Amino acid sequence: MASIRRTLSPSLHHYHHHHDRLPLTSSARLFSPSAAAKYSHHYASPSTNPWRRPILRFFLCFLIGFLLGLFPFAHLHFDLDLDLDLDLHDSHHFSSEPPPHPDLASLVHRSQEVNTGTFTSVVELNKKTDTEIPPPHYNKLLIVVTPTYNRALQAYFLNRLAQTLRLVPPPLLWIVVEMGAASPETAEILRTTGVMYRHLVCKRNSSEVKDRGVYQRNTALDHIERHRLDGIVYFADDDNIYSLELFERMREIRNFGTWPVAMLAQSKNKAILEGPVCNGRQVIGWHTNEKSKRLRRFHVDMSGFAFNSTMLWDTKKRLHLSWNAIRQLDTVKEGFQETTFIEQLVEDESQMEGIPSGCSRIMNWHLHLEAKHLVYPKGWQISGNLDVVVPL
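Computed from a predicted model, the values in this text were never measured in an experiment. (Residues numbered from 1 in each chain as written. Predicted model: local features only at pLDDT ≥ 70, side-chain atom pairs only at ≥ 80, totals over all residues. Heavy atoms only, no water.)

Chemist: Sorry if this is basic, but what is going on with the overall build of the protein here?
Modeler: Regarding its fold elements, the protein presents 13 helices and 12 strands. For the protein, the exposed surface amounts to about 24700 Å²; the carbon and sulfur share of it is 57%. (Helix = DSSP H or I, 4+ residues; strand = E, 2+ residues; numbered from the N terminus. Areas by Shrake-Rupley, 256 points an atom, 1.4 Å probe, with all protein chains shown as cover.)

Set out below in structure tokens:
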């Protein structure tokens, strides 16, 4: 019996310590060699590999998760109205989001009172009142094209226009085009404006062209079309005056927009108005004051229209002239560059958008201010003091 006890595992010793009151017959059977081997195998088997079952469970869960990742069983698709409602609900928790439209916020509040905790009622009410809610403000890229040249007031004009463009909400790209070569003075002004810009150069010889502004604008159009810049293109001369409202209204343009421009006459003794006459946003006529320009098809100033840049390369938007590149022409008569260019973009007034509604606001002025026969100082700085004595 002593030899049998020495072969027993510690678990059996523990078992006998707690079960010393078992009947003799059962204890005799327990300490038999066959019984000892049986109980030793029964109690020792769990301790041989205790991590086997957790590892099998881990690999089973990993396999199930891996298969679920490869074959997703659900996709969430929300329409525009539902996304709008989710944004409105999130805006109550995050102060960085813009406040919701008051009409839409009241609509959501009423729908929550009727059916709290569901989105279906909000979506249905939005679809029913879709015509009453104004379209959301789309932050379209503005591409402002400015031809410039060296003259006495160039620094003043560029800085004045740059200060206006800095106040326009982004995104905005200012394309400044010079003739022949890029002057360091212009480059220095552009670097300090704080406006996103591109400084281009027209390689044509200025002595061979009749209107340098035509080739400078065509250089900008080549750049826009080559790089597929998607935005609203606007020709803004540096000597004009622009209001911030003009740039805000231009983002409402879908294809081609126009508006009236106030300007000083060449004699500088009167102000005239040139541009569309509108019924709402529909162009129905034109303002004109110069008899020599009454033969023009569209009476628009160069700073009185803007268009979507996709019209330069999208032939579907200009089926009437899809075979030719849209560019300004230097061969036409002076004063007819605008109407000749616009005829390449649209066929008639039905394809135009008058802004603002009614075309009743003047948002920019064309002053025709030029400093002829004046030479600007190098770097626009006076190197020495003036030899002048002013008597007291």
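Chemist: Can you help me understand the nonpolar core in this one?
Modeler: Where a protein is soluble and globular, its nonpolar side chains tend to be buried together. Core analysis: the largest hydrophobic core is formed by 35 residues, its most contacted members being I175, F235, F305 and F307. When near neighbours in sequence (up to four residues on either side) are disregarded, I175 contacts I143, V144, V145, T146, R198, L200, A220, H223 and I224. In terms of nonpolar packing, the next biggest core, distinct from the first, is built from 29 residues, W174, L190, F247 and M250 among them. (Core = buried A, V, L, I, M, F, W, Y, C linked by side-chain atoms within 4.5 Å. Buried < 20%, exposed > 50% of the residue type's maximum accessible area, 1.4 Å probe, protein only. Contact = heavy atoms within 4.5 Å.)

Chemist: Help me out: how do you make sense of the sheet that holds strand β5 (residues 241-242) in this one?
Modeler: What links the strands of a sheet is backbone hydrogen bonding, and the strands pair in either a parallel or an antiparallel sense. Strand order in the open sheet formed by 5 strands is β5-β12-β7-β8-β9, with mixed pairing between adjacent strands. Across the chains shown, the open sheet's two edge strands, defined by having one partner strand only, are β5 and β9 (282-287). (Pairing = 2+ DSSP bridges.)

Chemist: Can you help me understand the state of the cysteines in this one?
Modeler: Any covalent bond linking the sulfur atoms of two cysteines counts as a disulfide. Taken as a whole and judged by the stated rule, the model has 1 disulfide. The disulfide bridge from C278 ends at C359, spanning 2.0 Å between sulfur atoms. Here C278 and C359 share a disulfide; its torsion about the S-S bond, -65°, makes the bridge left-handed. With C278 in strand β8 (residues 271-279) and C359 in the loop between β11 (353-354) and β12 (364-366), this residue pair connects regions lying 81 residues apart in the sequence. Grouping residues by exposure puts C278 and C359 together as buried. (Disulfide = S-S within 2.5 Å.)

Chemist: What am I meant to see in the packing of aromatic side chains here?
Modeler: The geometry of an aromatic ring pair comes down to the distance between the two centres and the angle between the two planes. A complete count under the given rule lists 14 aromatic pairs for this structure. Considering the side-chain rings of F62 and F66, the 6.4 Å spacing of their centres and the 20° angle between planes classify their relative orientation as stacked. Of this pair, F62 and F66 both sit in helix α5 (residues 52-70), separated by 4 residues, roughly a single helical turn. Note on F62: relative accessible area 53%, which makes it exposed. Look at F305 and F341: their rings are 6.2 Å apart centre to centre, the planes differ by 40°, and that puts the pair in the tilted class. With F305 in strand β10 (residues 305-308) and F341 in helix α13 (residues 337-342), this residue pair connects regions lying 36 residues apart in the sequence. Owing to a relative accessible area of 0%, F305 belongs among the buried residues under this scheme. With a relative accessible area of 1%, F341 lands in the buried category. (Phe/Tyr/Trp six-rings, centres within 6.5 Å; stacked < 30°, edge-to-face > 60°.)

Chemist: How should the side chain of H299 be read in this particular structure?
Modeler: Relative to the helices and strands, H299 is located in the loop between β9 and β10. Relative accessible area serves as the criterion here: at 7%, H299 is assigned to the buried category. Side-chain polar atoms of H299 contact the backbone oxygen of R296, separated by 3.3 Å. Among all residues touching H299, those that are not within four sequence positions of it are E274, G275, W286, H287, T288, K293 and R294. (Polar contact = N/O pair within 3.5 Å; in protein donor to acceptor, adjacent residues only side chain to side chain.)

Chemist: Which parts of the structure should I look at to understand the pattern of salt bridges?
Modeler: For side chains bearing opposite charge, pairing can occur when the charged atoms are close. Counted according to the given criterion, the structure contains 14 salt bridges. Put simply, R249 and E252 hold a salt bridge, and the shortest N to O gap is 3.6 Å. Looking at R249, the relative accessible area reads 26%, which means it is partly exposed. Residue classification places E252 among the partly exposed positions, given a relative accessible area of 35%. Across the pair R296 and E274 runs a salt bridge, and its minimum N-O distance is 2.6 Å. One end of the pair, R296, is in the loop between β9 and β10; the other, E274, is in strand β8, with 22 residues separating them in the sequence. (Salt bridge = Lys/Arg side-chain N within 4 Å of Asp/Glu carboxyl O.)

Chemist: Please explain unusual backbone geometry as it appears in this structure.
Modeler: Outside of glycine, negative phi angles account for most residues, and trans bonds account for most peptide bonds. Look at the link from P170 to P171: it is a cis peptide, with omega at 5°. Relative to the assigned elements, P171 resides in the loop between α9 (154-166) and β2 (172-179). Here the amide bond leading from I355 into P356 is cis, since omega sits at -10°, within 30 degrees of zero. Tracing the sequence through the fold places P356 in the loop between β11 and β12. For R228, which is not glycine, the phi torsion reads 50° and is therefore positive. By the secondary structure assignment, R228 is in the loop between α11 (212-227) and β4 (232-235). Look at R228 and you get partly exposed, because its relative accessible area is 47%. In the Ramachandran plot, C359 falls in the positive-phi region, its phi being about 50° despite a non-glycine side chain. We classify C359 as buried; its relative accessible area is 9%.

Chemist: Can you help me understand helix α10 (residues 184-191) in this one?
Modeler: Each α-helix turn comprises 3.6 residues. Residues three or four places apart therefore point the same way. Within the sequence span of α10, burial applies to E185, T186, A187, I189 and L190. Buried residues belonging to α10 abut α9, β2 and β3 (197-202).

Chemist: Help me understand the side chain of D301 in this model?
Modeler: As for its placement among the helices and strands, D301 is situated in the loop between β9 and β10. A distance of 2.7 Å separates the side chain of D301 from the side chain of S303, its partner in a polar contact. Once residues within four sequence positions are removed from consideration, D301 is found in contact with V261, M263, E274, E338 and H366.

Chemist: Sorry, what's going on with the sheet that holds strand β6 (residues 256-258) here?
Modeler: Across the sheet, which stays open at both edges, the 7 strands sit in the order β3-β2-β1-β4-β10-β6-β11 with mixed pairing between neighbours. The strands lining the two open edges of the sheet, one partner per strand, are β3 and β11. Two strands pair when backbone bridges link them, and strand β1 (residues 142-147) and β4 are joined in this way by 4 bridges, in the parallel orientation. Directly across from L142, in β4, lies its bridge partner I232. In this fold α9 packs onto β1 and β2, with an angle of close to 165° to the strand it touches most, β2. (Axes fitted to C-alpha atoms, helices over the stretch in contact; angles between N-to-C directions.)

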